[in-house]
Each structure stands twice: as structure tokens, then as C-alpha cells.
Amino acid sequence: MRPFKEVFGNKVHFTQIDPGKYNSNELLKAIGDSETDAVIFAGSGFDVKPEKERDVFERSAEYIKKPKVWRPCRPSQAPPDLVEELSDLYDWFFFERVLNSKNPKYRGGFYKNWFKQWLKRGKNPPYDRGYQVATLVLNLKFTARLFVRPRKLSEEEVIEVSLNGLKSGKYDIIYFEYSGKYGDPTLVRSVDEARRKAGIDGVLTYGGGINTKGKASEMITAGADAIVVGNILYMCQKTGDYQPYHDTIEGVKNAEVRV
């Protein structure tokens, strides 16, 4: 597996497409015409169905010539036959576990049955292009809270869980998920300082509430290696004006990186 920064770079702007939502061709074209670094296909709702995923992947192939990442929130969103069918339409696969979930399925239990499905087929999941993602859900009021059931973490616990996850070698990426709410850049800075002090490699990714150039820049400057934007894209789809989305990309490109 190629190192994350070798594939995506040092200051990364991810655009997230939710297959469960309405994704117009105009929206896909706006992404394709932008300078975003890569596109993540992910949605936590139960309206993310294989037929919707197939549709958006196939249409995205026409409009978006950028690296594409599939990040299923539940294995039911990525049945093995669909993963194989769409293998030419995505480049990378994120295997995600929510470390502060009270639901053992989201901490990894889901994948046990999923792996069994692959074994029955005599094949392996796409490990050769997969990254292990440790997610911390830090917005306790986010949409999927009722079934993910995230546990509240103190700043000290966030730092400890993040460092242990990266240090263990089990995870390539720590993902701070605020899901629509803008989070705390000082927390990102604290985790970044702690990992630097400990000399730990790994990627710190932030997602949630980034809808301006300033917020995008602030999170990168605080220490995030990558940010994920999604909601702003759908707000732009409603108005037909995609400039606010493009502004978040500019914020990342112009952000000062801590050294």
C-alpha cells in the first residue's frame, strides 16, 4: 500500500459525495472542474443503497477525473459483488471503524460478517488499495447518532485514542467527524502537537461544518493533513452557485502548514 501522502499530498481537500442524496450532473461537473484533490463516496443514512451507489459512481466516471475513494459506513453499502462490479470506478477504499461508538458493530463487528462473505467467494476485499481509518465522532448530535451511539470524549481522551490508534499500526488515518458542525481547531492543534512530540506518523483528517475559505484554512493550519467537505456542496447545488465550495478549496491551498 502506498503511503497516504504519496498518493494525496500534504494539504488535502477531499470532496464527499453522499450517494443517498440527489447528485445532479451539474454538481458532479462542478467537482470535476474544481481543484479538489480527491473525492470520497460516503453517506451514513439508510438511504444509501447499492443502486444509488452504482448510479453515482457511473455518472462520476464521466465528469470527475480525480482519485475516487469509497468509504462505506456499513458493509451493507458495499456488498462484495458490488465492490467487484465497480472496481474500475474507484481507486481507493477506506475501511472505517468508529472507535468511540458504544455499538460494537461500528467498532468493527460489522466487518466480521463482511469478511466471511468474501471468504465464501474465495476472494479478498480490496486490501491492495485500502486504508484503515479510525473515526472519532465528536458531534454527539449528528444524524446517525441513534445507531452509532458515540461516547463523549474529553480532550485528553481524544489525544490518547488518536495517538494509540496511530502508534498501534492498525490505522493509517485518524478521522475527526463533526458531521455538519464546525469543530474545535484547538483540539486538532493539541492532537497534532502530541503526535509530533511523540514522533508518530499517520494522517489526521477533519470533517464537519467547513463552508468558508477561512474555516478550511484554519483547520489545515491547526494541524489537519486533510479536510473533508460535503454539506456546502449540496447547499451550492440548491442555489446553483458553486463559488462557496471552490472557496473551501482555495482555503486549503493557501493555508500555512505547521512545521
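From a predicted model like this one, the values you see are computed outputs, not experimental measurements.

### What about the side chain of T205?
1) Next: Among the structural elements, T205 can be located in strand β7 (residues 203-207).
2) Next: Those residues within four positions of T205 in sequence are excluded, and the remaining contacts are I173, I174, Y175, F176, A226 and V228.

### Some thoughts on the packing of aromatic side chains
1) Next: Summed over the entire model, instances satisfying the criterion amount to 28 aromatic pairs.
2) Next: Arranged with centres 6.4 Å apart and planes meeting at 55 degrees, the rings of F57 and Y90 form a pair that is tilted. Residue F57 is located in helix α3 (residues 50-63), and its partner Y90 is located in the loop between α4 (80-85) and β4 (92-98); the two are separated by 33 residues in the primary sequence. The exposure classification of F57 matches that of Y90, with both residues buried.
3) Next: Ring centres of F94 and Y131 lie 6.0 Å apart, and the angle between their planes is 90 degrees; this geometry places the pair in the edge-to-face category.

### Description of the sheet that holds strand β1 (residues 12-17)
1) Next: With parallel pairing, eight strands are arranged side by side around a closed barrel as β1-β2-β3-β4-β5-β6-β7-β8. Direction aside, the axes of adjacent strands within the sheet are offset by 30 degrees on average.
2) Next: As paired strands, strand β6 (residues 173-177) and β7 are joined by five bridges and run parallel to one another. The residue bridging Y175 from the neighbouring strand is T205, located in β7.
3) Next: Each of β5 (130-137), β6 and β7 is contacted by helix α7 (residues 155-167), which is oriented at about 150 degrees to β6, the strand it contacts most.
4) Next: Against the sheet, helix α9 (residues 213-222) contacts β1, β7 and β8 (226-229), and its axis sits at roughly 150 degrees relative to β8.

### Examining the nonpolar core
1) Next: I17, W70 and F176 are the most contacted members of the largest nonpolar core, which totals 57 residues.
2) Next: Once residues lying within four places of it in the same chain are set aside, the contact partners of W70 are F41, E53, F57, Q77, A78, L82, V83, L86, Y90, W92, F93 and F94.

### So, the pairing of β4
1) Next: Summarising burial for β4: seven of the seven residues are buried, a large majority.
2) Next: Burial along β4 is two-sided: W92, F94, E96 and V98 and F93, F95 and R97, pointing in opposite directions, are all buried.
3) Next: The pairing of strand β3 (residues 68-70) with β4 spans two bridges and is classified as parallel. The residue of β4 that forms the bridge with W70 is F93.

### Side note on the packing of helix α8 (residues 185-198) against α9
1) Next: Relative to each other, α8 and α9 sit at 25 degrees, their axes nearing to 8 Å. As the angle between them shows, α8 and α9 are arranged roughly parallel. Listed contacts from α9 to P185, V188, R189 and D192 of α8 are E218, M219, T221 and A222.
2) Next: Within the contact of α8 with α9, the residues separate by chemical class into four nonpolar, one polar and three charged.

### Some points on α3
1) Next: In this model, α3 (14 residues) spans 20 Å end to end at C-alpha, consistent with the 20 Å of a helix rising 1.5 Å per residue.
2) Next: Turning to α3, its buried residues number three or more, namely E53, V56, F57 and S60. Each buried residue of α3 lies within a common arc of 105 degrees when the element is viewed along its axis, so the set occupies one face.
3) Next: Taken together, the buried residues of α3 touch β1, α2 (25-33), β2 (38-41), β3 and α4.

### So, the packing of α9 against helix α11 (residues 243-253)
1) Next: Packing of α9 against α11 leaves a shortest axis separation of 7 Å and a crossing angle of 30 degrees. With respect to their mutual orientation, α9 and α11 come out roughly parallel. When you trace α9 past α11, the crossing you get is right-handed. Packed against α9, whose contacting residues are K213, A216, S217 and I220, the element α11 presents D247, T248, E250, G251 and V252 at the interface.
2) Next: For the contact of α9 with α11, the class distribution of residues is three nonpolar, three polar and three charged.

### Side note on the pairing of β5
1) Next: Counting buried positions along β5 gives seven out of eight residues, so the element sits mostly inside the fold.
2) Next: Here β4 pairs with β5 via six bridges, running parallel. Pairing of V98 across the sheet is with T135, part of β5.
3) Next: Taken together, β4, helix α5 (residues 105-120) and β5 form a β-α-β motif whose crossover is right-handed.

What counts as what
- Residues numbered from 1 in each chain as written.
- Predicted model: local features only at pLDDT ≥ 70, side-chain atom pairs only at ≥ 80, totals over all residues.
- Heavy atoms only, no water.
- Helix = DSSP H or I, 4+ residues; strand = E, 2+ residues; numbered from the N terminus.
- Contact = heavy atoms within 4.5 Å.
- Phe/Tyr/Trp six-rings, centres within 6.5 Å; stacked < 30°, edge-to-face > 60°.
- Buried < 20%, exposed > 50% of the residue type's maximum accessible area, 1.4 Å probe, protein only.
- Pairing = 2+ DSSP bridges.
- Axes fitted to C-alpha atoms, helices over the stretch in contact; angles between N-to-C directions.
- Core = buried A, V, L, I, M, F, W, Y, C linked by side-chain atoms within 4.5 Å.
- Parallel < 35°, antiparallel > 145°, perpendicular 65-115°, else oblique.
- Nonpolar A, V, L, I, M, F, W, Y, C, P; charged D, E, K, R; others polar.
- Expected span 1.5 Å × (residues − 1).
- Arc of directions from axis to C-beta.
- Left-handed = near helix turned anticlockwise from the far one by under 90°.
- Right-handed = clockwise from strand over helix to strand, strands pointing away.

Keep in mind these numbers describe shape, not what the thing actually does.
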